[in-house]
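What follows is the residue order along each chain.
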Amino acid sequence: MPDLTTQRVLITGARQGLGHAIARRFLADGARVCLFGRGGMEEARRALNAPADSVVAVTGDVRDSADLERATRVMTEAFGGIDGVVTAAGITRIAPIATLTPEQFREIMDINVTGTWLSVRAAVEAMPDLGGWAVLLGSVYGEGGAPDRSAYCASKGAVHNLARALAVELGPRGVRVNVVAPTGVMTPMIRDLIARGLYNQAGVEARTPLGRMATVEEVAAACAFLASPDAGMTTGTILPVDGGWIANGFIQPSNTNR
Ligand SMILES: NC(=O)c1ccc[n+]([C@@H]2O[C@H](COP(=O)([O-])OP(=O)(O)OC[C@H]3O[C@@H](n4cnc5c(N)ncnc54)[C@H](OP(=O)(O)O)[C@@H]3O)[C@@H](O)[C@H]2O)c1
């Protein structure tokens, strides 16, 4: 298991889904975490059933830099500082370009891209003079296209290249920046799409060489590795947790993943 006992970690989008599972895994590996999200954060904190001195919860929006700076101040008061950030706040929307509105496109870019940039910015400002890390939640859709996902693909492609740019820029400060790029994972986001008839789970599984979706635990394990000293020489990488999806070259009939 990666050793995260010295790590003080800001996790955005931590109320549910991947962010919450990553918090659970990081706490098990010894980290202290700050859960950050738009609401229900006290309930999220209680659900983790962790010692009070290892978890704090902050309500805020990743589009608001003041909220993120408040979270880093809370971490400094509670833990004495911050060593890393996991950006798991994100949204998706599935619609053809003709029906996706400009407001919806901007909302996805604002939360997934600007929100990620603001989260890393606030965290890095509060990190030690030398060292630190960021793990950004990307997606297989950051590495290729798919129908009805123009905004999501654009946003995740931007996140992937943001990580490369920041790895180069922040490397001399000792800050590592990497992406975890999952295939489909059964979180509230995907359950909601399935309920609305917008996600073809069987289609996703059929074109994944390993034949299934990823689990939240598998994604959290990849994040824990990248956060740990074991990944001390790893920066600017995209780590797929995708059962071979990207390696398979996005080969798909155009209607299998609607
Ligand atoms: N699940 C997948 O199949 C999958 C695959 C690849 C990548 N990803 C990526 O992984 C990340 C997490 O996805 P998920 O499946 O865990 O989604 P989820 O179940 O919908 O959880 C996302 C969390 O992000 C929070 N959030 C959204 N907008 C926010 C904002 N403006 N400020 C603060 N928090 C915000 C949500 O808050 P509320 O609770 O208030 O809504 C929610 O708690 C996303 O970036 C997603 O694109 C997911």
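Computed from a predicted structure; not experimentally measured.

Remarks on the nonpolar core
- The biggest cluster of nonpolar side chains holds 38 residues, and the ones touching the most others in it are Leu10, Cys34, Phe36, Leu136 and Val177.
- Elements represented by at least two residues in this core include exactly β2 (32–37), β3 (55–59), α3 (65–79), α4 (102–126), β5 (133–137), α5 (150–170) and β6 (176–182).
- Residues Val55, Trp133, Ala220 and Ala222 belong to the second largest nonpolar core, which totals 35 residues.

A few points about helix α8 (residues 216–227)
- Here α8 contains twelve residues, and its C-alpha end-to-end distance of 16 Å stays within 8% of the 16 Å for a straight helix at 1.5 Å per residue.
- Taken together, the buried positions of α8 are occupied by Val216, Val219, Ala220, Ala222, Cys223, Ala224, Leu226 and Ala227.
- Each element contacted by the buried residues of α8 is listed here: α1 (17–28), β5, β6 and β7 (238–241).

Let's talk about the UniProt feature "domain: Ketoreductase" (unreviewed entry) in the chain
- Mapped onto this structure's residue numbering, the UniProt feature "domain: Ketoreductase" (unreviewed entry) falls at residues 7–183.
- Structurally, residues 7–183 comprises 46% helix and 18% strand, and the distance from its first C-alpha atom to its last is 27 Å.

Some details on the sheet that holds β5
- Strand order across the open sheet formed by seven strands is β3-β2-β1-β4-β5-β6-β7, with parallel pairing between neighbours. At either margin of the open sheet sits one strand with a lone partner, and together these are β3 and β7. The average undirected angle you get between the axes of adjacent strands in this sheet is 20 degrees.
- Two strands pair when backbone bridges link them, and strand β4 (residues 84–87) and β5 are joined in this way by four bridges, in the parallel orientation.

Calculation rules
Residues numbered from 1 in each chain as written. Predicted model: local features only at pLDDT ≥ 70, side-chain atom pairs only at ≥ 80, totals over all residues. Heavy atoms only, no water. Core = buried A, V, L, I, M, F, W, Y, C linked by side-chain atoms within 4.5 Å. Buried < 20%, exposed > 50% of the residue type's maximum accessible area, 1.4 Å probe, protein only. Helix = DSSP H or I, 4+ residues; strand = E, 2+ residues; numbered from the N terminus. Expected span 1.5 Å × (residues − 1). Contact = heavy atoms within 4.5 Å. UniProt positions renumbered as here; feature names shortened; annotations may be inferred. Pairing = 2+ DSSP bridges. Axes fitted to C-alpha atoms, helices over the stretch in contact; angles between N-to-C directions.

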